[in-house]
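Topology and contacts: notes
Below, each chain spelled out in residue letters.
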Amino acid sequence: MAKPAGPICNLNCSYCYFLAKESLYPGDRFRMPDDVLEAYIRQVIEGQDAPDVTIAWQGGEPTLMGVDFFRRALALAEEHRRPGQRLHHTIQTNGTLLTDEWCDLFARHGFLVGISIDGPAHLHDRYRVDKKGEPTFERVMRGVELLKRHGVELNVLCTVNAANQHHPLDVYRFFRDDLGVEFVQFIPVVETTIPATPAAPAGADPHLGRGAGETLPGIVVTDRSVDPEAWGEFLVAVFDEWLRHDVGRVFVQMFDAALASWLDVPGGLCIFAETCGDAVVVEHNGDMYSCDHFVDPEHRLGNITQTHLVELLASPPQRAFGAAKRDSLPRYCLECPVLFACHGECPKNRFTSTPDGEPGLNYLCAGYRRFFTHVDGPMRLMADLVRRGRPADEVAAVLTGAPRNEACPCGSGRKAKHCHAR
């Protein structure tokens, strides 16, 4: 994904980890020039063998670039598109700067627009404020209404943090019932006072007798961050609500990714992949970094105006970065029954210790163990239905009381009591 305005944003969200990246480019204007824009569009299209190509924009706040920048981007995409290729355009925005002109552009070109919103006003406005510290909820909602009025496909990206972690159903039902959205992403806020890396900090003794989940020396988790246990309970509560009422009509990215794990197929979330390294970031000046969470000098791969992004992606440092996710797991993770679904989650969060004091445990481990253990039964049912060629939403009929002496909704031909209702 590309960050055409770098880390620059019109908001000042308290937990945002990317605003500080401005220090990497002192004195910069943070506007992607046309030569970098052309290189990004061309190389993304050249680098794809599949017929579907996604061009993704993020920030900071990408709409700060203005509508004309994206018109140029769309024209370049059409210019470089090969016969038979289908282009998909996505943008992540806080929604506060959207206008009819923006929404008309999105609608005409089939953009998928991600809106960042953390729930109802009293939860959203706790941390998502502007440069003056003023609330932003009403401005975001105006953007949402504009998108809906123009028929733009949108999804919601919600961070789960200390303010909303104990209100899972308020948050989920607000998105489902008040906003009417069908696609939801939940992202846990894990904010530390120093950048977390996949390995223990230099000089850290891995055998200091720390308890399970205790952070490694020099790392402090802020009070804005989600609590690991609360993160698990949040996901469990939303999952149970979704399973009872919304399977097949509301899509929660976390649950789709979990089902992919139970089906043993690649999911759509890099955090749950066995290895990582494919979700790279292109900064406004063409610099490419290993990951959105590792934009720092150590993980700068090069610049796409000098080296093709495919070469940078395939470079030994980047492949080593991706493999380290798998190869650095502590024994506690390797013996975990839900490793197949979690894979240690994101390396940026691996800064706590295992029960026996080994470093490298994910800060959110307790929450993920709770969630993946809780969903095991329903996920097995849904995976079985999918393998039989049945829609996964039929699991709701099974779990909400399919008559035990009637045919199982999965289509097996057996009575429900001898099949999934057992």
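Right above here is the structure, for reference.
Residues numbered from 1 in each chain as written. Predicted model: local features only at pLDDT ≥ 70, side-chain atom pairs only at ≥ 80, totals over all residues. Heavy atoms only, no water.

Our next topic: the overall build of the protein. Check the secondary structure of the protein and you find 15 helices and 11 strands. Taken across its 422 residues, the protein has 53% of its residues classed as buried. The long-range fraction of contacts in the protein, counting pairs at least 24 apart against all pairs at least 6 apart in sequence, stands at 69%. By element, 51% of the accessible surface of the protein is carried by carbon and sulfur atoms, the whole surface being about 18600 Å². A distance of 5 Å separates the average location of the 43 positive side-chain charges in the protein from that of its 56 negative side-chain charges. (Helix = DSSP H or I, 4+ residues; strand = E, 2+ residues; numbered from the N terminus. Buried < 20%, exposed > 50% of the residue type's maximum accessible area, 1.4 Å probe, protein only. Contact = heavy atoms within 4.5 Å. Areas by Shrake-Rupley, 256 points an atom, 1.4 Å probe, with all protein chains shown as cover. Lys, Arg positive; Asp, Glu negative; His and termini not counted. Charge placed at Lys NZ, Arg CZ, Asp CG, Glu CD.)

Turning to the packing of helix α8 (residues 253-263) against helix α14 (residues 376-387), a few remarks are in order. The N-to-C vectors of α8 and α14 enclose an angle of 70 degrees; their axes lie 9 Å apart at closest approach. Here α8 is positioned roughly perpendicular relative to α14, judged by the angle of their axes. Viewed along their axes, α8 and α14 form a crossing whose handedness is right-handed. Facing F255, A258, L259, W262 and L263 of α8, the residues of α14 in contact are D376, M379, R380, M382, A383, V386 and R387. A class-by-class count of the residues in the contact of α8 with α14 yields nine nonpolar, no polar and three charged. (Axes fitted to C-alpha atoms, helices over the stretch in contact; angles between N-to-C directions. Parallel < 35°, antiparallel > 145°, perpendicular 65-115°, else oblique. Left-handed = near helix turned anticlockwise from the far one by under 90°. Nonpolar A, V, L, I, M, F, W, Y, C, P; charged D, E, K, R; others polar.)

Relative to the helices and strands, H80 is located in helix α2 (residues 67-80). Sequence separation between H80 and E38 is 42 residues, and the spatial gap between their C-alpha atoms is 9.4 Å. When sequence neighbours within four positions are dropped, the list of residues in contact with H80 reads E38, R42 and I45.

We now examine the packing of helix α3 (residues 100-108) against helix α5 (residues 137-149). Where α3 meets α5, the axes come as close as 9 Å, and the angle between the chain directions of the two elements is 45 degrees. In terms of axis orientation, α3 runs oblique to α5. Note on packing geometry: the crossing formed by α3 with α5 is right-handed. Across the interface between the two elements, D100, C103 and F106 from α3 touch L146, L147 and R149 from α5. Its residues placed into classes, the contact of α3 with α5 shows four nonpolar, no polar and two charged.

With that out of the way, let us pick up the pairing of strand β5 (residues 183-188). Relative to β5, strand β4 (residues 153-160) is paired through five bridges, and the arrangement is parallel. Residue pairing across strands places V160 opposite P188, the latter belonging to β5. Between β4 and its parallel partner β5, the chain crosses via helix α6 (residues 168-179), and the hand of that crossover is right-handed. (Pairing = 2+ DSSP bridges. Right-handed = clockwise from strand over helix to strand, strands pointing away.)

Here the focus is unusual backbone geometry. For residues other than glycine, phi is negative in most cases, and the peptide bonds are mostly trans. A cis amide bond links G59 with the next residue in sequence, G60, at an omega value of 10 degrees. Note that G60 resides in the loop between β1 (52-57) and α2. Although it is not a glycine, H343 sits at a positive phi angle of roughly 55 degrees. Tracing the chain through its elements places H343 in the loop between α12 (339-342) and β10 (352-353). The class for H343 is buried, based on a relative accessible area of 17%. Unusually for a residue other than glycine, E345 sits at a positive phi of about 50 degrees. With respect to the helices and strands, E345 occurs in the loop between α12 and β10. Under the relative-accessibility criterion, E345 is labelled buried at 2%.

Across its 14 residues, α2 extends 20 Å between first and last C-alpha, which sits within 8% of the 20 Å expected from 1.5 Å per residue. Considered for burial, the residues of α2 that qualify are V67, F69, F70, A73, L74, L76, A77 and H80. Here the buried face of α2 lies against α1 (34-46), β1, β2 (86-93) and α3. (Expected span 1.5 Å × (residues − 1).)

This part is about the sheet that holds β5. Ordered by their spatial adjacency, six strands build an open sheet running β1-β2-β3-β4-β5-β6, and the pairing between neighbours is parallel. If you trace the sheet from one side to the other, it starts and ends with β1 and β6 (251-252), each paired once.

The next thing to look at is empty space enclosed by the protein. Taken as a whole, this structure holds one cavity of 30 Å³ or more when the rule is applied. Its volume calculated, the largest cavity comes out at about 120 Å³. As for the largest cavity, its lining consists of 14 residues, of which C333, C336, C342, G344 and C365 are closest to the centre. Mapped onto the lining of the largest cavity, the elements with two or more residues apiece are α11 (331-334), α12 and α13 (365-374). Sort the elements by how many residues they give to the lining of the largest cavity and α13 lands first, with three residues. The residue inventory of the lining of the largest cavity, partitioned by class, reads nine nonpolar, three polar and two charged. (1 Å grid on protein atoms, 1.4 Å probe; cavity = no way out; pocket = protein on both sides within 12 Å on 5 of 7 lines; lining within 4 Å. Points joined across faces, edges and corners; volume = space filled by probe spheres on them.)

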